[in-house]
Amino acid sequence: MTPSARVQAAIELLDGIIIAAREGGAAADTLIARYFADRRYAGSKDRRAVRELVYAAIRLVGERPAHGRAAMLAVAKRDPALAALFDGSTHAPAPIGASEHAAAVGVAPGWLLGKLYASGISDDELPALVDRAPLDIRVNRAKADPATVIAAIAGAEPSPHAPDGVRLPAGTQIEALDLWADGGIEVQDEGSQIVGMAAAVAPGMTVIDLCAGAGGKTLALAAGMNGEGRLIACDIDRQRLSRLAPRAARAGVSFIDTRLLNPGQEAEKLADLAGQADVVLIDAPCSGTGTWRRNPEARWRLSQSRIDRLVAAQRDLLAIAKGLVKPGGAIVYIVCSLLDEEGADQIAAFAGANPGWVPQRLSLPAGRPHVGGIRLTPARDSTDGFFVARLQSPC
């Protein structure tokens, strides 16, 4: 592909990504993979260059643009060499018209910026929300240790905060590593590792991971329990939950009980565990405003109605968890969101409606106290954005 053809390909991909964001279609990575599956003539350098153009535009344009050309024009306005590739040649984009408008540059849509400001996110923290994320792994100490992992992988270094974390050079092919195949490491953002530490699990406990997904935090909990006790991983998504079993087998973990829950009937499926859990972890579904570094197109998909639905689901999960915790046990509530309505406000509402439940003071290796919990942000902690709180039940 010529450089101009690469720009045109990026524009076509952005058109599809914008439509998918508006209509709830496939993710950008999926659309890019499909696009090149139908264009075998594109080499690896072409695919990499087009992908970089696409994501440069997505990161630069906070408000969902009208079309892909407007998004790419925003990038071209900052790069004269790129603008020159709009030359109208074969397979190239048409020349830039004098009256054409590029998409507006910004970190997020205006209505979301307002929510971030109201939640205490300052202007100096905004740019980091859409920076490229580092590549972090968690070391499974049952099979390896951080020093060994760092010595085995070129360019690896200790994570800034997480005791089991290692930061790898961008582009490291993790699944090609023997350490990964042998279960010695798992991909997990350092922030995710840190907020999971709020569970403070120990061998012999009964622990419920209420929104386990593919099991990243479940495996970290298992490591903290050292294979002793009862660990129940739950989710309503069969496909995501099915990914936990092979991950657990690779990690050498065999004591996890998985439960597929029916939406709206979670409490019935968990009735045998009522009042038994030392810890219930809720890694709640959320807006993902703390993960835009990894998924910048998510800004184009959000709406107030979607956030309202997520807030309602989070409230329901807290109510379910309350019935599972034994006296003196705890709920650990996590969202990868920086919006208070999904984090601090949920904890305040729960504590207000449930006398005797007390938000506990947390001591974690990163983050800052934030209204009943701790918040991590990309700018201040070099992690994804999270809010975590620990609520202790009355004895």
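Residues numbered from 1 in each chain as written. Predicted model: local features only at pLDDT ≥ 70, side-chain atom pairs only at ≥ 80, totals over all residues. Heavy atoms only, no water.

**A closer look at the overall build of the protein chain**
Step number 1: The helix and strand inventory of the protein chain stands at 17 helices and 13 strands.
Step number 2: Against the globule reference of 21 Å for 395 residues, the protein chain gives a C-alpha radius of gyration of 22 Å, in line with a compact fold.
Step number 3: Its C-alpha atoms give the protein chain principal-axis dimensions of roughly 75 × 45 × 35 Å.
Step number 4: The proportion of buried residues among the 395 residues of the protein chain is 52%.
Step number 5: Sequence separation of at least 24 residues holds for 73% of the intrachain contacts in the protein chain that already meet a minimum separation of 6.
Step number 6: Taken as a whole, the protein chain presents about 17,300 Å² of accessible surface, with 52% of it coming from carbon and sulfur. (Helix = DSSP H or I, 4+ residues; strand = E, 2+ residues; numbered from the N terminus. Rg over C-alpha atoms; globule rule 2.2 N^0.38 Å. Buried < 20%, exposed > 50% of the residue type's maximum accessible area, 1.4 Å probe, protein only. Contact = heavy atoms within 4.5 Å. Areas by Shrake-Rupley, 256 points an atom, 1.4 Å probe, with all protein chains shown as cover.)

**Quick look at the sheet that holds strand 3 (residues 165–168)**
Step number 1: Spatially, the 4 strands line up as an open sheet ordered 2-3-1-4, and their pairing is antiparallel. Only two strands of the sheet have a single partner each, and these edge strands are strand 2 (157–158) and strand 4 (185–187). (Pairing = 2+ DSSP bridges.)

**Quick word on the packing of aromatic side chains**
Step number 1: Considering all chains together, one arrives at 2 aromatic pairs under this definition.
Step number 2: Where tyrosine 35 meets phenylalanine 36, the ring centres are 5.3 Å apart and the plane angle is 85°; that geometry is what we call edge-to-face. Of the two residues, tyrosine 35 and phenylalanine 36, both sit in the buried class.
Step number 3: On the numbers, 5.4 Å between centres and 80° between planes, the contact of phenylalanine 350 with tryptophan 357 is edge-to-face. Considered together, phenylalanine 350 and tryptophan 357 belong to a single accessibility category, that of buried residues. (Phe/Tyr/Trp six-rings, centres within 6.5 Å; stacked < 30°, edge-to-face > 60°.)

**Section: the side chain of arginine 390**
Step number 1: As for its position among the elements, arginine 390 is in strand 13 (residues 386–392).
Step number 2: Nearest to the buried, unbridged arginine 390 among oppositely charged side chains is aspartate 278, at 8.3 Å.
Step number 3: In this structure arginine 390 touches Ala198, Ala199, Ala200, Val279, Ala330, Ile331, Val332, Val358, Pro359, Gln360 and Leu362, once residues within four positions along its chain are discounted. (Lys, Arg positive; Asp, Glu negative; His and termini not counted. Salt bridge = Lys/Arg side-chain N within 4 Å of Asp/Glu carboxyl O.)

**Digging into the pairing of strand 12 (residues 373–376)**
Step number 1: The alternating pattern of strand 12 places Gly373 and Arg375 on one face and Ile374 and Leu376 on the opposite face, and all of these are buried.
Step number 2: Relative to strand 12, strand 11 (residues 368–370) runs antiparallel, the two being bridged by 3 bridges. Note that in strand 12 the partner of arginine 368 across the bridge is arginine 375.
Step number 3: Across 3 bridges, the pairing between strand 12 and strand 13 is antiparallel. Following the sheet pairing, arginine 375 is matched in strand 13 by phenylalanine 387.

**Quick notes on unusual backbone geometry**
Step number 1: Its identity is not glycine, yet alanine 200 carries a phi of approximately 50°, on the positive side.
Step number 2: For alanine 200, the position within the fold is in the loop between helix 9 (190–196) and strand 5 (206–209).

**Section: the state of the cysteines**
Step number 1: Within this structure, the stated rule accounts for 0 disulfides.
Step number 2: Left without a disulfide partner, cysteine 211 is nearest to the cysteine sulfur of cysteine 234, which lies 8.6 Å away. (Disulfide = S-S within 2.5 Å.)

**Observations concerning the environment of glutamine 188**
Step number 1: Within the secondary structure, glutamine 188 is located in the loop between strand 4 and helix 9.
Step number 2: In this structure glutamine 188 comes out as buried when scored by relative accessible area, which is 6%.
Step number 3: Linking glutamine 188 and glycine 62, residues 126 residues apart in sequence, is a C-alpha distance of 26 Å.
Step number 4: Setting aside chain neighbours within four positions, we find glutamine 188 in contact with Asp136, Ile137, Arg138, Gln193, Gly216, Lys217 and Ala220.
Step number 5: In terms of polar contacts, glutamine 188 uses its side chain to reach the side chain of serine 192, at 3.2 Å. (Polar contact = N/O pair within 3.5 Å; in protein donor to acceptor, adjacent residues only side chain to side chain.)

**With respect to a positive patch on the surface**
Step number 1: Positive charge collects at one region of the surface, where Arg40, Lys45, Arg47 and Arg48 lie side by side.
Step number 2: Mapped onto the elements, arginine 40 comes out in the loop between helix 2 (28–37) and helix 3 (44–60). (Patch = residues over 30% accessible without salt bridge, like charges linked within 9 Å, V, L, I, M, F, W, Y side chains within 5 Å. Charge placed at Lys NZ, Arg CZ, Asp CG, Glu CD.)

**A short note on helix 2**
Step number 1: Those residues of helix 2 that fall on the buried side of the exposure criterion are Ala28, Leu31, Ile32, Tyr35 and Phe36. Along the axis of helix 2, the buried residues cluster in a sector spanning 125°; they form a single face.
Step number 2: Looking at the buried residues of helix 2, the elements they touch are helix 1 (3–23) and helix 3. (Arc of directions from axis to C-beta.)

**What to know about the packing of helix 1 against helix 3**
Step number 1: Remark: helix 1 packs on helix 3, axes separated minimally by 9 Å, with the N-to-C direction vectors making an angle of 50°. Our classification of the angle between helix 1 and helix 3 gives oblique. As for the relative orientation of helix 1 and helix 3, their crossing is right-handed in sense. Along the contact surface, helix 1 presents Arg6, Val7, Ala9, Ala10, Leu13, Leu14 and Ile17, while helix 3 presents Lys45, Asp46, Ala49, Val50, Leu53, Val54, Ala57 and Ile58. (Axes fitted to C-alpha atoms, helices over the stretch in contact; angles between N-to-C directions. Parallel < 35°, antiparallel > 145°, perpendicular 65-115°, else oblique. Left-handed = near helix turned anticlockwise from the far one by under 90°.)

**A few points about the nonpolar core**
Step number 1: Within the largest apolar cluster, 63 residues are counted, with the highest numbers of intra-cluster contacts made by Ile208, Leu210, Val280, Ile282, Ile331 and Val388.
Step number 2: Ranked by residues supplied to this core, first place goes to strand 9 (residues 325–335) with 6 residues.
Step number 3: When near neighbours in sequence (up to four residues on either side) are disregarded, isoleucine 208 contacts Ile232, Cys234, Leu273, Ala277, Val279, Val280, Leu281 and Leu324.
Step number 4: By size, the runner-up hydrophobic cluster in this structure holds 35 residues, among which are Ile17, Tyr55, Met72 and Trp300. (Core = buried A, V, L, I, M, F, W, Y, C linked by side-chain atoms within 4.5 Å.)

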